[in-house]
Amino acid sequence: MEPTIVRLTSPTTDVIVRCQPFAEILYWGPHLSRFMPEDILTLSRAVPNGRLDVDTPLTLAAESGRGLFGSPGVEGHRDGYDWSPVFTTSEITHQDNQLLILAEDPQAGLQLRSELQLDSASGVLKMRHTLINHHAARYWVNRLALTLPLPERAGEVMAFHGRWIREFQPHRVTLEHGGYLQENRRGRSSHEYFPGMMVGSRGFSEQQGEVWGIHLGWSGNHRLRADVKTDGRRLLQAEALYLPGEQELEGGASLSTPWLYAASSRTGLNALSQQFHRYVRQNILHFPEHKPRPVHLNTWEGIYFDHQPEYIMQMATKSAGLGVERFIIDDGWFRGRDHDRAALGDWYLDEKKYPNGLAPVIEHVKQLGMEFGIWVEPEMINPDSDLFRAHPDWVLGLPGYQQPTGRFQYVLDLCNPQVFEYLLERMNWLLSNHDIDYIKWDMNREIVQPAHLGRASLTAQTEQFYRLLDSLRERFPQVEFESCASGGGRIDYEVLQRCHRFWASDNNDALERQTIQRGMSYFFPPEVMGSHIGNRQCHATERQHSIGFRGLTALFGHMGIELDPVKEGDTEQLGFVRYVALHKSLRPLLHSGDVIRIDHHNPSTQINGVVAPGQERAVILVSQLAMPDHQLPGNLRIPGLRPDARYRITLLDTPPLIHQQQGGHTMRQLPAWMKQPCDVSGEWLAQVGLALPVLDPESAMLIGLEQL
Ligand code: GLA
């Protein structure tokens, strides 16, 4: 029988799969306009001397039984047996851009169901496996991974490291021999290892090079791998990481991997992230209502645990005057929560702080025309809480071991139905008795020895978290949720199916935020990235930044302010008004357009922007992060505009640029285009560009482009 060749196709990306003997991706890359199935003949490999006498296909399950010596896609056993399955395709369903392949190993009693869906609009490929145990006896799954091939020229990995207050830091690793492995065992998507990475031709950049990128939509533990096999072939592998004994399949039971999202580009990272953004906007994000993302005021770094309703109402009044549209009371509103060492779990209003309830504050906020939001951290429990005193056994952990605290708290065992019901009831109370539009859902510690009744339960814990959120969303479909985990510790596409915003970082330092937000922008569009103007002297780093730098940095996300507006002086207040208004005027563009990050020879000059889908407008932020090496900053070349159209260039915001005749500061004279109206073509802007002014470190300027 001739093997079935299936092609999934989109304007940007094609995927070609040979379905027999089991599914092997023969091609994953830019769209091919002239493909014929017989073309694949050119791909039939040599069988080299000195190894097995047969060809060893790199299938979607990378089976070791086919003679692959790398990391297999399925690892498991039935009391020591059936541990090396080899699958043979039994059924192929191909409709539109969706491919479903059923494959069997009757000997091992296993079936593998592989789903591949290529999104025509974005070019993003979505995949998952489901392993089904067809024998009566139990099957233990240690690993279940998705495997994607890469071409030999994919020689460099870009992955992300991070920590609290420093998320999404890209780093690069050369891929030559062996591979790059990333394992996250922290119990949430994590600050440390975002579950995504790119691999590309050496030196790939924002605008150049071939790149292949993946993201595993999963909020628990994961393992990602970019490998060079000893025969030179390369691959990407992604999986949820299972703890010992965590996955046990009774006869007939099944286990699915999380969804893997994959995209490719031959013009660098910009095109890759634009595909991911398009996919997210059209398929993952579900806002309850189609409306602009409201500007926030969050009380956290303004008042912390010091909640006084009268004062909070003053803050709300002040906020409304600044243009704020949603007012959020952060941590500190519930019984006994005077500091971060107590009360998590006791989700009852603190009547000492709020003797008249929350209603007067909420009504006040609403009368000012703002939405109201509140903070919760349902998955947690402090040892110093009524809940813990009543139910010490509700803690997630392994009996017989001392569970360490994190931020003085333990995690609740969500697999315990009593815990689940308690949290559902308390959140239900909160949302049904108060006029709440938005919940900031936090999760402030890592998970150690997660176990339900003694058995590892991290996957189940993660699934119960999803279920809890889903139950609440079903009951309160109008409420929006933010996913926060000490900032950006739980950011991924699976949680984004059920939330509407991410708190990118607890670090509101504009300089740090520039890097964090850039890292996050590879996978997430600006409208889901919470970015706040923080205090002039940042609480996380003690650095001080002008309102201009802070305002412009917060502009390119879902904007907010996080400080006490009552205490701020006039200059700051005027700045808040200015940047909130600027954000609102640009918001339709920022939250729908194509995000670009522009390559610049000086790494401390960071440039990003957004181009309208119809290319008639763009806005570009030039940020100077550190002292540049050269005195002249060179030209800014702006891609993505219509080459044949002419654009009016305007300065939307600049720091007070000092140009003194006597020397002593940065410039004697500004570039001419900054002093007079300037119209040029999109082609000129892309190929030649604009001479940049000399910016001070830790300052930024905003340029607008409007088609004439
Ligand atoms: C976490 C969040 C912060 C804030 C505090 C409250 O650290 O990331 O934004 O909500 O908790 O305790």
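Right above here is the structure, for reference.
What comes next is a walk through the structure. Treat the numbers as computed from the prediction; the structure is a model and nothing was measured.

This brings us to the overall build of the chain. For the chain, the count of helices and strands is 12 helices and 39 strands. Along the first, second and third principal axes, the C-alpha atoms of the chain reach 75 × 70 × 40 Å. Here the chain, with 708 residues, has 61% of them falling under the buried criterion. Pairs at least 24 apart in sequence give 70% of the contacts found in the chain among residues at least 6 apart. Entry remark: accessible area of the chain is about 27,400 Å², with carbon and sulfur atoms responsible for 50%. On the chain, the mean spot of the 67 positive side-chain charges and the mean spot of the 85 negative ones are 3 Å from each other.

Once that is clear, we can look at unusual backbone geometry. Geometrically, the link from Gln20 to Pro21 is a cis peptide bond, its omega value of -5 degrees lying close to zero. Inspection of the secondary structure puts Pro21 in the loop between β2 (13-18) and β3 (24-30). For Arg407, which is not a glycine, the phi torsion comes out positive at approximately 50 degrees. Examined against the element boundaries, Arg407 turns out to sit in the loop between α5 (386-390) and β24 (410-411). Since its relative accessible area comes to 29%, Arg407 is described here as partly exposed. In this structure, Glu698 is a non-glycine residue whose phi angle is positive, near 60 degrees.

All right, on to the sheet that holds strand β25 (residues 438-441) then. Taken in spatial order, the 8 strands of this closed barrel run β20-β21-β22-β25-β28-β29-β30-β31, and their pairing is parallel. Between one strand axis and the next, the sheet turns through 30 degrees on average, direction left out of account. Relative to β25, strand β22 (residues 371-376) is paired through 4 bridges, and the arrangement is parallel. Bridge assignment links Ile374 to a residue of β25, and that residue is Ile439. Along the sheet, helix α3 (residues 309-322) makes contact with β20 (296-298), β21 (326-329) and β31 (558-562), crossing β21 at roughly 150 degrees. Seen against the sheet, helix α7 (residues 458-475) touches β25 and β28 (480-483) and runs at an angle of roughly 170 degrees to β25.

Taken across its 11 residues, helix α9 (residues 510-520) has 10 buried, putting it largely inside the fold. Those residues of α9 that fall on the buried side of the exposure criterion are Ala510, Leu511, Glu512, Arg513, Gln514, Ile516, Gln517, Arg518, Gly519 and Met520. By the N-cap criterion, in which a side-chain oxygen at the helix start approaches the backbone nitrogen of a residue two or three places on, α9 is capped by Asp509, the distance to Leu511 being 2.7 Å.

Taken in spatial order, the 3 strands of this open sheet run β1-β2-β3, and their pairing is antiparallel. Of all strands in the sheet, those with a lone pairing partner are β1 (5-9) and β3, marking the two edges. On average, each strand axis in the sheet is tilted by 15 degrees relative to the strand beside it, whichever way the strands run. Of the pairings in the sheet, the one linking β1 to β2 comprises 5 bridges and is antiparallel in character.

Moving on, we come to the packing of α9 against helix α10 (residues 547-555). Axis separation between α9 and α10 bottoms out at 9 Å; the angle between their running directions is 20 degrees. Judged by the inter-axis angle, α9 sits roughly parallel to α10. In terms of crossing hand, the pair formed by α9 and α10 is left-handed. Contacts between α9 and α10 involve Ala510, Leu511, Arg513, Gln514 and Gln517 from the first element and Phe549, Arg550 and Thr553 from the second. Counted by class, the contact of α9 with α10 contains 3 nonpolar, 3 polar and 2 charged residues.

We now examine the site of the ligand. As a matter of local geometry, the ligand sits amid 13 residues, with Asp330, Asp331, Arg407, Lys440 and Asp506 nearest to it. Take Asp331: an N or O atom from its side chain is 2.6 Å from an oxygen atom of the ligand. Between the ligand and Trp503 there is a distance of 3.4 Å, counted from an oxygen atom to a side-chain nitrogen or oxygen. Isolated, the ligand exposes 310 Å² of accessible area, and the fraction of that covered by the protein chains is 96%. Residues belonging to the shell around the ligand are distributed by class as follows: 4 nonpolar, 3 polar and 6 charged.

Residues Leu52, Val54 and Phe69 make up a contiguous nonpolar surface patch of about 330 Å² in total accessible area. With respect to the helices and strands, Leu52 occurs in the loop between β3 and β4 (74-77).

With that out of the way, let us pick up the pairing of strand β5 (residues 88-95). Sheet faces and side chains relate simply in a regular strand, where the side chains alternate between the two faces. In terms of strand pairing, β5 meets strand β6 (residues 98-105) through 7 bridges, oriented antiparallel. Opposite Ile92, over in β6, you have Ile101 as the bridge partner. Here β5 folds back onto β6 in antiparallel fashion, the turn holding 2 residues, of which Asp96 has a positive phi close to 50 degrees.

Enumeration over the complete set of coordinates arrives at 28 aromatic pairs. Ring geometry for Phe194 versus Phe524: centroids 5.9 Å apart, planes at 80 degrees, classification edge-to-face. Here Phe194 is found in the loop between β12 (178-184) and β13 (196-200), whereas its partner Phe524 is found in the loop between α9 and β30 (529-533), with 330 residues between them in sequence. The pair formed by Phe194 and Phe524 is uniform in burial state, with each residue classed as buried. Ring centres of Trp300 and Tyr304 lie 4.7 Å apart, and the angle between their planes is 75 degrees; on these two criteria the pair is classed as edge-to-face. Look at Trp300 and you get buried, because its relative accessible area is 16%. Of the residues examined, Tyr304 reaches a relative accessible area of 28% and is grouped as partly exposed. An aromatic cluster of three or more residues is present, and its members are Phe160, Phe168, Phe194, Tyr261, Phe276, Tyr279, Tyr493, Phe502, Tyr522, Phe523 and Phe524.

Core analysis: the largest hydrophobic core is formed by 175 residues, its most contacted members being Trp333 and Phe524. Contact partners of Trp333, with chain neighbours within four places excluded, come to His307, Trp347, Tyr348, Leu349, Asp350, Tyr354, Ile374, Trp375, Val376, Trp429 and Leu430. Counting residues in each nonpolar core, the second largest holds 28 residues, with Ile598, Leu636, Ile649 and Cys678 among its members.

The next point concerns α7. Given 3.6 residues per helical turn, the α-helix brings residues three or four places apart onto the same face. For α7, which comprises 18 residues, the first-to-last C-alpha distance of 26 Å matches the rise-based estimate of 26 Å (1.5 Å per residue) to within 8%. Three or more residues of α7 are buried, namely Leu458, Thr459, Gln461, Thr462, Gln464, Phe465, Tyr466, Leu468, Leu469, Ser471 and Leu472.

What follows deals with the side chain of Ser681. Relative to the assigned elements, Ser681 resides in strand β37 (residues 678-681). From its side chain, Ser681 meets the backbone nitrogen of Trp684 in a polar contact 2.9 Å long. Once residues within four sequence positions are removed from consideration, Ser681 is found in contact with Pro643, Ala645, Arg646 and Tyr647.

About the criteria used
- Position labels on residues start from 1 in each chain and follow its written sequence.
- Side-chain atom pairs in this predicted model are given and counted only at pLDDT of 80 or more, local residue features only at pLDDT of at least 70, and totals for whole chains, interfaces and linings cover all residues.
- Note that water and hydrogens are dropped before the side-chain values are worked out from all heavy atoms of the structure.
- In DSSP terms, a helix is any run of H or I states spanning at least four residues, a strand is any run of E spanning at least two, and both are numbered starting from the N terminus.
- Working definition: with a 1.4 Å probe on protein chains only, accessible area under 20% of the residue-type maximum means buried, over 50% means exposed, and in between means partly exposed.
- Note on definitions: a residue-residue contact is assigned when non-hydrogen atoms from the two residues lie within 4.5 Å.
- With residues, only the protein chains shown are counted as cover, and all accessible areas are computed by Shrake-Rupley using a 1.4 Å probe.
- When charges are counted, Lys and Arg contribute as positive and Asp and Glu as negative, whereas His and the chain ends are disregarded.
- Charge placement uses NZ in Lys and CZ in Arg. For Asp and Glu, CG and CD serve respectively.
- Following DSSP output, two strands are said to pair if at least two bridges run between them.
- Axis lines are fitted through C-alpha atoms, for helices just across the contact stretch, and the angle between N-to-C directions can take any value from 0 to 180 degrees.
- What qualifies as a polar contact is a pair of N or O atoms within 3.5 Å, subject to a donor-acceptor requirement within protein and to the restriction that residues adjacent in sequence count only when both atoms come from side chains.
- Any angle from 65 to 115 degrees is called roughly perpendicular, while one under 35 is roughly parallel, one over 145 is roughly antiparallel, and all others are oblique.
- Rotating anticlockwise by less than a right angle from the far helix to the near helix defines a left-handed crossing, while the corresponding clockwise rotation defines a right-handed one.
- Throughout, the ten residues Ala, Val, Leu, Ile, Met, Phe, Trp, Tyr, Cys and Pro are labelled nonpolar, Asp, Glu, Lys and Arg are labelled charged, and all others, Gly among them, are labelled polar.
- Only heavy atoms are used to decide nearness, and a residue is near a molecule or strand if one of them lies within 4 Å of it.
- Candidate patch residues must exceed 30% relative accessible area and have no salt bridge, after which like charges are joined if within 9 Å and Val, Leu, Ile, Met, Phe, Trp or Tyr side chains if within 5 Å.
- Salt bridges are defined by distance alone: a side-chain nitrogen of Lys or Arg within 4 Å of a carboxyl oxygen of Asp or Glu.
- Put simply, two rings from Phe, Tyr or Trp (the six-membered ring, in Trp's case) pair if the centres are within 6.5 Å, and we call them stacked under 30 degrees between planes, edge-to-face over 60, tilted for the rest.
- By convention a nonpolar core is built from buried Ala, Val, Leu, Ile, Met, Phe, Trp, Tyr and Cys residues, the set being connected through side-chain atoms within 4.5 Å.
- The span one expects for a helix is its residue count, reduced by one, times 1.5 Å.

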